[in-house]
Amino acid sequence: YTPYQAEISQGRMEALVNFQTMVCDLTGMAIANASMLDEATAAAEAMTLAKRSVKSRSNTLLVAADCHPQTIEVIRTRATPLGLDVMVGFVPALMAEHDYFAVIAQYPATDGRIHDLAPYVEQAHAKQAAFIVAADLLALTLLKPPGEFGADIVVGTTQRFGVPMGAGGPHAAYLACRDEFKRSMPGRLVGVSVDAHGAPAY
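(A) Fine view of the environment of T158. Examined against the element boundaries, T158 turns out to sit in the loop between β6 (153-157) and β7 (173-177). Taking the relative accessible area as the measure of exposure, T158 reaches 2% and is therefore buried. Note: C-alpha distance between T158 and L26 (132 residues apart in sequence) is 11 Å.

(B) View of helix α3 (residues 69-82). Here α3 is 14 residues long and its end C-alpha atoms lie 21 Å apart, about the 20 Å a rise of 1.5 Å per residue gives. Those residues of α3 that are buried lie in contact with α2 (39-53), β2 (60-64), β3 (85-89) and β4 (102-107). Immediately downstream of α3, the backbone of G83 shows phi near 75°, a positive value.

(C) Seen up close, the side chain of D66. With respect to the element layout, D66 can be found in the loop between β2 and α3. Buried charge without a partner: D66 forms no salt bridge, and the closest opposite charge is R113, 5.5 Å away. A distance of 2.7 Å separates polar atoms of two side chains, one belonging to D66 and the other to H115. Setting aside residues up to four positions removed in sequence, D66 forms contacts with Q106, A109, T110 and H115.

(D) The pairing of β4, seen in detail. In terms of burial, β4 is a largely internal element, six of the six residues being buried. Of the two faces of β4, the one holding A102, I104 and Q106 and the one holding V103, A105 and Y107 are both buried throughout. Alignment of β2 against β4, held across three bridges, turns out to be parallel. Bridge pairing links V63 to I104 in β4. In this sheet, strand β5 (residues 130-135) lies alongside β4 in parallel orientation, the contact comprising six bridges. Within β5, the position partnered with Q106 by the bridge is A134. Tracing the backbone out of β4, into helix α5 (residues 118-126) and back to the parallel element β5 gives a crossover that is right-handed.

(E) A look at the pattern of salt bridges. On inspection of all chains with the given rule, the structure shows eight salt bridges. A salt bridge links D111 to R113, with the shortest nitrogen-to-oxygen separation between them at 3.0 Å. For D179, the salt bridge goes to K182, with nearest N and O atoms at 3.3 Å. Given the relative accessible area of 37%, D179 is considered partly exposed. Judged by relative accessible area, which is 36%, K182 ranks as partly exposed. Three or more residues joined by partner-sharing salt bridges are found here, namely D152, R178 and E180.

The rules behind each value
Residues numbered from 1 in each chain as written. Predicted model: local features only at pLDDT ≥ 70, side-chain atom pairs only at ≥ 80, totals over all residues. Heavy atoms only, no water. Helix = DSSP H or I, 4+ residues; strand = E, 2+ residues; numbered from the N terminus. Buried < 20%, exposed > 50% of the residue type's maximum accessible area, 1.4 Å probe, protein only. Expected span 1.5 Å × (residues − 1). Contact = heavy atoms within 4.5 Å. Lys, Arg positive; Asp, Glu negative; His and termini not counted. Salt bridge = Lys/Arg side-chain N within 4 Å of Asp/Glu carboxyl O. Polar contact = N/O pair within 3.5 Å; in protein donor to acceptor, adjacent residues only side chain to side chain. Pairing = 2+ DSSP bridges. Right-handed = clockwise from strand over helix to strand, strands pointing away.

Interpretation note: all reported values are geometric properties and have no functional meaning in isolation.
As structure tokens, this is what we get:
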């Protein structure tokens, strides 16, 4: 987790800036944070970030049926008290039939399939809705980054890089988004400034 006492945690914060930079590089997104617990809760945070940030007035979130099952369950649990409707199914059909404020798809899907999400991103944007991609960071070393096909928010786990158990929860997650959403971003963001002596300060 991001340390609270910046003045005595410079080394750890430098490591977190490196983490955020790696996430931005792999996802192709403008900005990433450093305090998400796991992929499922990061997806739930992405849902509320999208709701706060888009122009669509709908209360419906569309979720691809081939997202990880734990992600779908956590999204449903979070959505209920917020009065949001979650529709799970085949995304192209749901997008054609319903109004929605965001769509979330898994990339690659939980069964390993790799979908071309670009046309659906364009469709979502035409409805002033957000497109959220739950992406495997290690797969993104080979696949086209979600930022390159217009995704608004990208979430996932960093367990693929061998983050050991207990180092940031069971498997530290990430959340990256477009620059316009940065003021509404959940969690904490480590940045670089300059101290009184002109040296870099995190």
